[in-house]
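A look at the structure
Here's the letter readout for the chains.
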Amino acid sequence: MNLSSIPKLKNTDSNNFFLMAGPCAIEGEEMAMLIAEKVKAITSRLEIPYIFKGSFKKANRSRLDSFTGIGDTTALEILAKVGARFDLPTVTDIHEVEDAAKAAEYVDVLQIPAFLVRQTDLVVAAAKTGKVVNLKKGQFMSPESMQHAVTKVLESGNDKVMVTDRGTMFGYQDMVVDFRGIPTMKNFATTVLDVTHSLQQPNQSSGVTGGRPEMIATIARAGIAAGVDGLFIETHFDPANAKSDGANMLDLSLLEKVLSDLTAIRKTINQL
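Cut-off values and rules
- Residues numbered from 1 in each chain as written.
- Predicted model: local features only at pLDDT ≥ 70, side-chain atom pairs only at ≥ 80, totals over all residues.
- Heavy atoms only, no water.
- Salt bridge = Lys/Arg side-chain N within 4 Å of Asp/Glu carboxyl O.
- Helix = DSSP H or I, 4+ residues; strand = E, 2+ residues; numbered from the N terminus.
- Buried < 20%, exposed > 50% of the residue type's maximum accessible area, 1.4 Å probe, protein only.
- Phe/Tyr/Trp six-rings, centres within 6.5 Å; stacked < 30°, edge-to-face > 60°.
- Lys NZ or Arg CZ within 6 Å of the ring centre and 35° of its normal.
- Axes fitted to C-alpha atoms, helices over the stretch in contact; angles between N-to-C directions.
- Parallel < 35°, antiparallel > 145°, perpendicular 65-115°, else oblique.
- Left-handed = near helix turned anticlockwise from the far one by under 90°.
- Contact = heavy atoms within 4.5 Å.
- Nonpolar A, V, L, I, M, F, W, Y, C, P; charged D, E, K, R; others polar.

1. As for the pattern of salt bridges
This model, assessed by the stated rule, comprises 13 salt bridges. Close ionic contact of D72 with K57 constitutes a salt bridge, the shortest N to O distance being 3.8 Å. Taken together, the residues span a long stretch of sequence, with D72 in helix α2 (residues 72-86) and K57 in the loop between β2 (50-53) and α2 at a distance of 15 residues. Accessibility expressed as a relative area gives 27% for D72, which makes it partly exposed. Among the charged side chains, a network of salt bridges with common partners joins K57, D72, E96 and D99.

In structure tokens, the structure reads:
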């Protein structure tokens, strides 16, 4: 997939990795604007193509009382406002077939969650919108098996597809990243590494997912060294009080240093 096919994506000729970053979920307009403004300023300085990320709803929750969203239309309208105000492309995940056409009215990239990537009707519905489709690799799937998800998009008449590795289950409560999968999946499509979800510790007895955010820079560096085309990082100005996935998010105050280091690594690799 050519990155220039994503509307409003800047710096596509910078030879840098691209970034999908933002909060796990849209909690409100003010927080979304604050995060988008900060990340855009950083990525503009570093010439990193940037796509703002935010879930308009969270359908995959361990507990019934977990935060799921502020209302579908309200959250989607906020995503559209972010895109318009900062001239940024936006991405959100969808969970049901009817979400595809609805979300496509507001965002530039439709993301298929890892647990749903084998749901044919959902993948095909996303593809038929004509939007870019980001397929999250299931935690239970091999890198090789992702070629079939990609083929579903291509055979639905849409060549704007990318795949994202978000780790593989290791026992009941941990994730690992098999970096051998990066070159494998690059044979099928543009390939992204979801750094923060790869550091989740799911299935905790509390019903709240844990994480290891102190490892974000390490996993991201390894991903760049392995040749990923893009990175996915969830970030928040107050992770401890984020309403979703705070345990594995990167504190927004740390983002610039992480991205600066990664850009330096990418420049070195480009010279090899």
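Structure's up, so let's keep going.
2. Structural notes on the packing of aromatic side chains
Applying the stated criterion to the full structure yields zero aromatic pairs. Its guanidinium or amino end placed over the ring of F232, K136 lies 4.4 Å from that ring's centre, counting from NZ or CZ.

3. Comments concerning the packing of helix α4 (residues 120-128) against helix α5 (residues 146-154)
When two helices pack together, their arrangement is given by the angle between the helix axes and by the axis-to-axis distance. One can describe the packing of α4 onto α5 by two numbers: an axis separation of 8 Å at closest approach and a directional angle of 45°. What the angle tells us is that α4 and α5 run oblique. Crossing of α4 against α5: the hand is right-handed. Taken together, the residues of α5 that come into contact with α4 (itself represented by T120, V123 and A127) are A149, K152 and V153. Across the contact of α4 with α5, the residue classes break down as four nonpolar, one polar and one charged.

4. Examining unusual backbone geometry
Here the phi dihedral of N15 falls at roughly 65°; this positive angle occurs in a residue that is not glycine. The residue N15 is located in the segment before β1 (18-22) in this model. The class of N15 is exposed, set by a relative accessible area of 51%. Its identity as a non-glycine residue notwithstanding, E47 has a phi of 55°, on the positive side. Mapped onto the secondary structure, E47 falls in the loop between α1 (29-46) and β2.

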